[in-house]
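Descriptive analysis of the structure
These are the residues of each chain, in order.
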Amino acid sequence: MARPAPESDAKAAMDRMYRWTRHVYDASRKYYLLGRDVLIRHIRPTAGEVVCEVGCGTARNLRKMAPRYQEARFCGIDASDEMLKSARNILKNRGLSEKVQVEQGFAQSFDPVALFGLSKPLDKIVFSYALSIIPPWRESLDHALTLLKSGGEIHIVDFGAHAGLPAPFRAFVFWWLKQFHVYHKPEILNYLRRLELEKKGTLKVIPLYKGYADYAVFRKN
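Here we summarise the structure given alongside this text. Treat the numbers as computed from the prediction; the structure is a model and nothing was measured. (Residues numbered from 1 in each chain as written. Predicted model: local features only at pLDDT ≥ 70, side-chain atom pairs only at ≥ 80, totals over all residues. Heavy atoms only, no water.)

Counted under the stated rule, the structure contains eleven salt bridges. Close ionic contact of Lys149 with Asp123 constitutes a salt bridge, the shortest N to O distance being 3.0 Å. Here the residue Lys149 occupies a position in strand S5 (residues 148-159), and Asp123 occupies one in strand S4 (residues 122-128), the gap between them amounting to 26 residues. Among the residues examined, Asp123 registers a relative accessible area of 3% and is labelled buried. Glu198 is the salt-bridge partner of Arg194, the closest N and O atoms lying 3.3 Å from each other. Given a relative accessible area of 43%, Arg194 falls into the partly exposed group. We classify Glu198 as partly exposed; its relative accessible area is 37%. One salt-bridge network, in which partners are shared between bridges, spans Glu49, Lys120, Asp123, Lys124, Lys149, Glu153 and Arg219. (Salt bridge = Lys/Arg side-chain N within 4 Å of Asp/Glu carboxyl O. Helix = DSSP H or I, 4+ residues; strand = E, 2+ residues; numbered from the N terminus. Buried < 20%, exposed > 50% of the residue type's maximum accessible area, 1.4 Å probe, protein only.)

This is how it looks when you write it as structure tokens:
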């Protein structure tokens with residue numbers, strides 16, 4: 001098995017990837033990153049809870065959550081400083097800088113206490129089309145569990161197996177995603193099911209749009 005690239009290398013690669021595409025990211029991704037609004041409707045943080053999105057990009061999801069759940073606190077991390085330039089500019093322009101804080105960090109190692117000054121574990125962690133592009137996805141999930149309180153939840157929306165869609169369409173989508181180093185990873189749900197068998201939490205999976213995407217919620221015991 002290939003060893004994961006150092007975090008500094010990963011950051012440099014992500015900055016190169018998004019230096020220019022960040023300007024059109026939201027406009028282009030809305031056509032195929034389906035299911036994000038399903039997650040936003042169902043996450044439902046209560047007053048005082050802290051929601052952290054891993055791989056927040058331009059903070060699109062956080063920008064939609066913050067006005068909807070005004071009594072909760074929101075933060076996000078992304079490996080790319082280039083993406084965070086867009087996130088911070090948009091948050092500032094929409095008057096959300098005080099409500100949503102974003103910082104550079106890595107899914108497998110970020111420290112919410114150091115980054116956001118938190119005094120308690122996280123209540124909810126979001127991975128929205130992030131694990132399919134993160135090589136150390138297993139380490140990222142394990143790390144997320146260590147950061148959650150008991151009863152806290154990991155909310156994931158990402159590419160599914162496309163089982164209910166025509167085979168030619170499925171083959172094209174998987175080929176197209178590969179060009180951007182994005183992959184459907186069935187092993188992610190399999191790993192979460194294993195964690196459930198190990199009594200580390202409970203898992204609920206909802207296929208969306210004939211299997212185009214999966215929405216999964218893992219609740220920590």
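A word on the pairing of strand S2 (residues 73-78). With five of its six residues buried, S2 lies for the most part within the structure. Of the crossover connections in this fold, the one passing from strand S1 (residues 50-54) over helix H4 (residues 60-68) to the parallel S2 is right-handed. Here S2 runs beside strand S3 (residues 100-104); their pairing, made up of five bridges, is parallel. What sits directly across from Gly76, in S3, is Val102. Where the polypeptide runs from S2 across helix H5 (residues 81-93) and back to S3, its parallel neighbour, the crossover connection is right-handed. (Right-handed = clockwise from strand over helix to strand, strands pointing away. Pairing = 2+ DSSP bridges.)

Here the focus is the nonpolar core. The biggest cluster of nonpolar side chains holds 33 residues, and the ones touching the most others in it are Met65, Phe74 and Val102. Counting only elements with at least two residues in this core, the list comes to helix H3 (36-43), H4, H5, S3, S5, helix H8 (167-178) and strand S7 (213-220). In terms of residue count, H3 provides more of this core than any other element does, four residues in total. Ignoring any residue separated from it by four or fewer positions in sequence, one finds Met65 in contact with Leu39, Ile40, Ile43, Val51, Phe74 and Val126. Of all hydrophobic cores here, the second largest spans 31 residues; its members include Ala107, Trp137, Ile154 and Phe218. (Core = buried A, V, L, I, M, F, W, Y, C linked by side-chain atoms within 4.5 Å. Contact = heavy atoms within 4.5 Å.)

Residue placement: Val126 occurs in strand S4. In the structure, Val126 is positioned 64 residues away from Leu62 in sequence and 9.8 Å away in space, judged by C-alpha atoms. Here Val126 is in contact with Leu39, Ile43, Val51, Cys52, Glu53, Val54, Met65 and His155, once residues within four sequence places are set aside.

With that settled, consider the sheet that holds S3. The seven strands are arranged S3-S2-S1-S4-S5-S7-S6 in an open sheet whose pairing can be described as mixed. The open sheet has two edge strands, S3 and strand S6 (201-208), and neither has a second partner. Recorded for the sheet is a direction-independent mean angle of 15° between the axes of neighbouring strands. Sheet strands in contact with H5 are S2 and S3, and its direction is about 165° off that of S3. (Axes fitted to C-alpha atoms, helices over the stretch in contact; angles between N-to-C directions.)

So, about the side chain of Asp214. Along the polypeptide, Asp214 turns up in strand S7. Nearest to the buried, unbridged Asp214 among oppositely charged side chains is Arg193, at 6.8 Å. What Asp214 contacts, discounting residues up to four positions off in sequence, is Ile156, Val157, Asp158, Phe159, Gly160, Ala161, Leu189, Val205, Ile206 and Pro207. (Lys, Arg positive; Asp, Glu negative; His and termini not counted.)

Along S5, ten of the twelve residues are buried, which leaves the element largely enclosed by surrounding structure. Pairing between S4 and S5: six bridges, direction parallel. Residue Phe127 lies in a different strand from S5, and its bridge partner there is Ile156. Viewed along the sheet, the connection from S4 through helix H7 (residues 137-147) into S5 turns out right-handed. Judged from the seven bridges that link them, S5 and S7 form a sheet pairing that is antiparallel. Directly across from Phe159, in S7, lies its bridge partner Ala213.

These values are about where atoms sit, not about what they do.
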